[in-house]
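# Report on the structure
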Amino acid sequence: MGISTSLSTALSGLNVASRMAEVTSNNIANTLTEGYARRSLAIGSTWGGVPSFGVQRHVSPGLTADRRLADAQLSADQGRMAMLTRVEDIIGAAGSTDSIAGRLAAFESALISASGEPSSDLRLMQLNGTLSELADEINSASSEIQALRQNADASIAQDVARLNAGLGMIAQLNADITRVQTAGQDASNLIDARGQAMDGISDIVPLRILQRGGDQIALMSTSGMILLDGVPSEFEFQPANVIAADMTLASGGLSGITRDGMPVDPGDGIGRLMGGSLGAAMAARDDELPTVQDQLDAFALNLMQRFEDPSVDPTTAGLGLLTDAGNPSDPSDFVGLAGRLRLNASVDPVQGGDLWRWRDGLGAAAAGPIGNANQLNRWQEGLSMATALPGGGTPRSSAGHIASLMAERGTLRTIAEQDLSFARARMDGLEQAELAHGVDSDQELQRLLQIEQAYAANARVIQTINSMMQQLMEI
Amino acid sequence: MSMVSIGDLSQQFISSRTTTRIKSDLARLSAELSSGKKADVTAHLSGDTRAYSAMSQSLARTDAFITVAKEVSITFAAVQLSLDRIDTLRETGANDLVLLNGSSSEPQITSGAAKAKEQFSDMIAVLNGSTSGKYHFSGTAVATQPLPDAGDMITDILGTIADPSDPAIVTQAVQDWFSTGGGYDTLNSGNSMARDTIIGPNGRSARNDVSALSDEVREVLAATALGAVVEAIGGSLAVSDRGALLQTSGAGLVGAAQGVAALQSRIGFQEARVETTLAELGASRTSLAMSLNETELSDPFEVATRLEATQRQLELHFATTAKLSRLSLADYI
């Protein structure tokens with residue numbers, strides 16, 4: 001009948017108003033929650049009431065997907081930038097005295113000074129001091145590069161663990177969402193939680209999200225490897241305890257990422273998982289840092305060869321002022337040489353050598369006249385003569401080679417800095433656009449005013465109908 | 001109800017990013033201002049730091065060369081002074097002895113011979129000169145005194161004279177003793193190696209090749225020694241023979257002038273080269289230091305201006321943030 005229909009209509013209006021108030025209060029409570037999608041109640045209109053079709057989540061999937069990809073790119077660029085900055089510090093920034101170039105310059109100055117006063121034992125001891133400091137600096141650069149590789153290896157292990165945990169959580173949430181929806185409840189909170197879990201792993205690997213039916217999702221890397229499709233993939237990685245210069249993926253000393261025991265890519269160890277922080281760490285460990293190590297080793301070999309050259313020291317029988325842990329240089333195998341460079345013990349009185357060998361040559365039979373500067377002059381020339389690094393290239397002086405290496409690292413770092421600031425700007429822009437779709441507390445308060453009004457109106461209708469019914473009863 | 005709304009979080013996000021950016025700019029500029037150097041020279045040079053590195057290395061080397069060149073010029077000055085002294089002795093001796101001859105009186109001859117002995121002794125003392133323990137005329141054996149005592153040398157020469165009464169034999173014996181392979185070489189404890197010191201880039205070097213074994217030194221010593229030997233032989237030689245020998249000694253000393261002058265000019269030439277090199281090194285050092293400063297140092301006025309502007313920007317940003325956060329519908333309901 002008319003009146004009871006009006007009553008139920010008014011009641012449904014009241015219901016909807018209170019549900020909308022619930023949604024609005026939920027929104028306002030979550031103003032500061034990142035990853036929270038603004039909710040609204042979807043309502044329709046029929047004769048006889050207001051059906052509500054459930055809670056709607058307002059998201060922009062395209063923006064979110066882009067933002068996640070930008071996150072992966074930013075993470076990769078940040079990792080690379082940090083690594084390049086460290087390498088630049090290790091090799092030495094231009095102009096710093098506490099660097100390989102600085103120590104080389106100190107040794108050259110000591111040679112010049114000793115040549116002016118070859119009879120001075122003090123100046124010869126200075127030669128020992130400065131040359132062994134140079135060797136030490138090259139050694140520590142080499143070990144720091146390997147330490148960076150170690151860090152990269154450890155971060156790969158961490159990222160793989162996080163990826164596995166994240167994929168597991170998303171799979172779990174997928175199942176929970178299905179369960180809740182089958183029970184007829186609102187699964188918005190779970191969907192939000194799943195979005196946050198995806199944000200947690202989007203920096204590791206760039207994600208592509210595939211919609212499956214019923215609010216289910218599958219995850220794939222942008223290069224095409226399935227990460228989650230119903231069942232989450234489980235990745236394995238074996239970190240190395242200690243990394244040395246000769247340990248590489250190819251040599252079997254380091255491991256790559258495997259799935260179910262099979263390597264994802266036998267060639268580079270990472271395959272189609274690259275593009276995020278995982279890819280950057282792998283590239284650092286297997287590609288960029290070994291290149292720096294090779295460059296250091298080539299510089300060390302070139303330096304050793306200058307001193308072993310018979311035209312620079314005619315008395316030498318193959319061993320020069322710098323040795324490969326006591327041995328002469330071997331141009332066919334000098335991996336890790338930078339870490340093994342040592343001062344030749346025969347010029348160091350502390351190690352049982354003789355100072356006069358600085359004047360007379362390493363292989364001289366006996367000490368000669370103490371005012372003779374010829375051998376010291378030849379060593380000076382040996383450092384300035386233009387020779388090429390092993391593997392070819394422009395012939396340069398020793399100082400020229402290290403300056404060239406420093407310039408290369410500096411250029412790579414400045415380019416990476418520009419890439420990083422671009423990636424950051426892009427990420428900021430996308431994040432801001434995404435957050436703009438979030439909860440606007442002013443809008444919610446305005447809506448609350450309207451809901452209040454609607455509730456009051458509906459209550460008034462009920463009151464009126466009630467009084468009409470009372471009147472009917474009083475007949 | 002599809003209304004356009006702007007989430008609260010987006011405003012906060014942008015605001016906090018801006019604060020971070022301005023604050024890091026502020027930190028960088030104040031560091032630059034207090035240190036006086038550019039924060040990142042490599043970025044300023046867009047990574048191509050090879051020329052800058054080469055300049056720093058050159059500067060370090062130039063400083064070392066300047067020190068060594070100064071040391072070398074001090075050594076050369078000492079050697080030149082010794083050669084001057086030897087030349088003075090030679091000239092005095094020449095003037096004294098050339099006046100004597102076979103018919104001079106015995107007292108004249110005796111006093112002439114005594115002077116010759118003293119001059120020989122003085123010359124040996126000059127040749128044995130050293131500065132801070134390093135001998136000037138030992139070649140590269142700088143810690144060893146080159147020549148023994150003058151008296152020992154004369155004794156050794158006397159030992160090689162078969163018949164001291166024959167002036168021809170005496171003359172020849174002295175000549176032979178000072179020639180290569182003679183007693184002079186045997187008693188000399190130094191060597192004749194040249195001392196090369198690199199004083200500038202590209203292998204520019206200064207050479208000190210004057211030693212007690214140089215031919216010109218032998219010549220002047222032989223001439224003086226003849227007079228000293230005559231004094232030592234004394235009565236075994238006839239007076240007229242002694243006079244003649246002393247005159248020969250004087251003539252020899254006059255002839256040795258050319259040799260000593262040649263030594264002096266060689267050292268003088270090297271001294272001049274060292275002076276020129278020092279001047280060039282000084283100029284090079286100044287220009288290198290200037291170029292390095294231009295690259296490394298920051299302009300304090302520019303940095304201070306930017307710092308002021310950044311401070312103002314931060315203050316404005318804070319004011320805007322405060323105002324925006326006060327604008328909320330909740331205050332008006």
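To keep things clear, this report deals only with the structure shown in the data block. Each chain carries its own residue numbering, running from 1 in the written order of its sequence. Chain A is the first chain written and ligand 1 is the first ligand written, with later ones labelled in order. Where local features are concerned, this predicted model is filtered to residues with pLDDT of at least 70; where side-chain atom pairs are given and counted, the filter is 80 or more; whole-chain, interface and lining totals use all residues. Hydrogens and waters are ignored; side-chain quantities use all the structure's heavy atoms.

All right, on to the overall build of chain B then. Numbered from the N terminus, helices here are DSSP runs of H or I no shorter than four residues, and strands are runs of E no shorter than two. In terms of helices and strands, chain B carries eleven helices and four strands. It is over C-alpha atoms that the radius of gyration is taken, and the globule rule equals 2.2 Å times the number of residues to the power 0.38. Taken against the 2.2 N^0.38 rule, which gives 20 Å for 333 residues, the C-alpha radius of gyration of chain B at 40 Å runs more than 25% over that of a compact globule. The dimensions of chain B, computed from C-alpha atoms along their principal axes, are 145 × 30 × 25 Å. Here chain B, with 333 residues, has 43% of them falling under the buried criterion. Whether two residues are in contact is decided by their heavy atoms, any of which lying within 4.5 Å being enough. Put simply, 77% of the contacts in chain B that link residues at least 6 apart link residues at least 24 apart. Here, Shrake-Rupley sampling with a 1.4 Å probe gives the accessible areas, and only protein chains in the shown set may cover a residue. Carbon and sulfur atoms make up 55% of the accessible area of chain B, which totals about 16,200 Å². For chain B, the centre of its 26 positive side-chain charges and the centre of its 38 negative side-chain charges are spaced 16 Å apart. Per-residue accessibility, obtained with a 1.4 Å probe over protein chains only, is compared with the maximum for each type, and a residue is labelled buried under 20%, exposed over 50%, and partly exposed between these values. Positive charge is attributed to Lys and Arg, negative charge to Asp and Glu, and no charge count is given to His or to the chain ends. Charged side chains are reduced to one point each, which is NZ for Lys, CZ for Arg, CG for Asp and CD for Glu.

The next subject is the overall build of chain A. Of the regular secondary structure elements, chain A holds ten helices and eleven strands. Projected onto its principal axes, the C-alpha coordinates of chain A cover approximately 140 × 45 × 35 Å. Counting only residues that meet the buried cut, chain A has 49% of its 475 residues in that class. Within chain A, counting contacts between residues at least 6 apart in sequence, those at least 24 apart form 65% of the total. Accessible surface for chain A amounts to roughly 20,900 Å². Of this, 55% is attributable to carbon and sulfur atoms. Of the charged side chains in chain A, 32 are positive and 56 negative, and the gap between their average positions amounts to 5 Å.

We now examine the sheet that holds strand 8 (residues 258-259) of chain A. Strand pairing in a sheet is mediated by backbone hydrogen bonds. Such pairs are either parallel or antiparallel. Residues and elements named next belong to chain A. Read from one edge to the other, the open sheet built from three strands follows the order 7-8-9, with strand pairing classed as antiparallel. Each having just a single partner strand, strand 7 (235-236) and strand 9 (262-263) make up the two edges of the open sheet. Whether two strands pair comes down to DSSP finding at least two bridges between them. Where strand 8 and strand 9 come together, two bridges link them in antiparallel fashion. Across the sheet, the residue bridging to Thr 258 is Pro 263, located in strand 9.

If charged atoms from side chains of opposite charge come close, those side chains can pair. For this document, the term salt bridge refers to a Lys or Arg side-chain nitrogen within 4 Å of an Asp or Glu carboxyl oxygen. This structure, assessed with the given rule, holds 42 salt bridges over all chains. Its salt-bridge partner being Arg 57 of chain A, residue Asp 192 of chain A comes within 2.8 Å of it at the nearest N-O pair. Of this pair, Asp 192 of chain A sits in helix 5 (residues 188-201) while Arg 57 of chain A sits in strand 2 (residues 52-58); the two residues are 135 residues apart in sequence, bridging distant segments of the chain. Between Glu 280 of chain B and Arg 204 of chain B there is a salt bridge whose closest N-O contact spans 2.9 Å. Of the two residues, Glu 280 of chain B sits in helix 10 (residues 257-296) while Arg 204 of chain B sits in strand 4 (residues 204-208), which places them 76 residues apart along the sequence. Linked through salt bridges whose partners overlap, the residues forming this network are Arg 67, Arg 68, Asp 199 and Glu 434 of chain A.

The bulk of non-glycine residues show a negative phi, and the bulk of peptide bonds are trans. Phi is positive for Asp 260 of chain A, close to 55 degrees, though the residue is something other than glycine. Tracing the chain through its elements places Asp 260 of chain A in the loop between strand 8 and strand 9. Although it is not a glycine, Asn 202 of chain B adopts a positive phi angle of roughly 60 degrees. Within the fold, Asn 202 of chain B resides in the loop between strand 3 (195-200) and strand 4. Judged by its relative accessible area of 82%, Asn 202 of chain B falls in the exposed class.

So, about the side chain of Asn 164 of chain A. Mapped onto the elements, Asn 164 of chain A comes out in helix 4 (residues 121-182). Excluding residues within four positions of it along the chain, Asn 164 of chain A makes contact with Ser 233, Glu 234 and Phe 235 of chain A.

With respect to the helices and strands, the residue Ala 373 of chain A is situated in the loop between helix 7 (357-360) and helix 8 (374-384). Residue class for Ala 373 of chain A comes out buried when judged on its relative accessible area of 4%. Separated by 240 residues in the primary sequence, Ala 373 of chain A and Glu 133 of chain A place their C-alpha atoms 23 Å from one another. In contact with Ala 373 of chain A, not counting residues within four places along its chain, are Ser 115 and Pro 118 of chain A together with Asp 196 of chain B.

All right, on to the interface of chain B and chain A then. Contact residues are listed per partner, giving 47 residues for chain B and 56 residues for chain A. Two parts placed together each lose some accessible area under a 1.4 Å probe, and the buried area is that loss summed for both. Taking both sides of the interface into account, the surface hidden between chain B and chain A amounts to around 4,100 Å²; carbon and sulfur atoms contribute 58%. Summed over the shared surface of chain B and chain A, the result is six salt bridges. Salt-bridge contacts for Glu 71 of chain B lead to Arg 123 of chain A; the nearest nitrogen and oxygen are separated by 2.5 Å. Here the side of chain B that touches chain A gets eleven residues from one element, more than from any other, and that element is helix 3 (residues 50-98) of chain B.

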